[in-house]
Amino acid sequence: QVQLVESGGGLVQPGGSLRLSCAASGFTLDYYAIGWFRQAPGKEREGVSCISSSDGSTYYADSVKGRFTISRDNAKNTVYLQMNSLKPEDTAVYYCATAFIATMFPWEYDYWGQGTQVTVSS
């Protein structure tokens, strides 16, 4: 069974850090680009970051550039999103997903995880 499972979300104060994980089962992540997306209440799902399968190229939304870092550990079949200097506007449900090319467009992605809630609040 093909499955993506996100974990690592939670409540954090502004300026804090979280590391999200996206673990795959039933298939190998090596061959896929992985994207992280987020969706806040009443807003559209937006691309946060993605990483290619070929050369590990990474891409970030302007709103998170310099604060978030995406990485992949193919041996663990897992992709991570390290989030530092978190702001209240980062509050959202975060999803990971697979695609054949690294892109920030959610419609290019096929398999999605169930999401993990990130809340940044004092």
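Everything that follows concerns the structure shown earlier in this document.
Residues numbered from 1 in each chain as written. Predicted model: local features only at pLDDT ≥ 70, side-chain atom pairs only at ≥ 80, totals over all residues. Heavy atoms only, no water.

### Observations concerning the side chain of E6
- Here E6 lies in strand β1 (residues 3–7).
- At 2.8 Å, the side chain of E6 forms a polar contact with the backbone nitrogen of C96.
- Separated by 2.8 Å, the side chain of E6 and the backbone nitrogen of G115 make a polar contact.
- Those residues in contact with E6 that lie beyond four places of it in its chain are S21, C22, W36, Y94, Y95, C96, G113, Q114, G115 and T116. (Helix = DSSP H or I, 4+ residues; strand = E, 2+ residues; numbered from the N terminus. Polar contact = N/O pair within 3.5 Å; in protein donor to acceptor, adjacent residues only side chain to side chain. Contact = heavy atoms within 4.5 Å.)

### With respect to unusual backbone geometry
- With a phi angle near 55°, N77 is a residue other than glycine that sits in the positive phi range.
- With respect to the element layout, N77 can be found in the loop between β7 (68–73) and β8 (78–83).
- Positive phi, normally seen in glycine, also occurs at S85, with a value near 50°.
- Structurally, the position occupied by S85 is in the loop between β8 and β9 (92–99).
- Residue S85 is classed as partly exposed on the basis of its relative accessible area of 40%. (Buried < 20%, exposed > 50% of the residue type's maximum accessible area, 1.4 Å probe, protein only.)

### Quick notes on the state of the cysteines
- The tally for this structure, following the rule as stated, stands at one disulfide.
- Disulfide pairing places C22 opposite C96 at an S-S distance of 2.1 Å. Every disulfide takes its handedness from the sign of the S-S torsion; for C22 and C96 that torsion is 75°, giving right-handed. Here C22, found in strand β3 (residues 18–25), pairs with C96, found in strand β9; they are 74 residues apart in sequence, far enough to count as distant.
- Using a relative accessible area of 0% as the deciding quantity, one classes C22 as buried. (Disulfide = S-S within 2.5 Å.)

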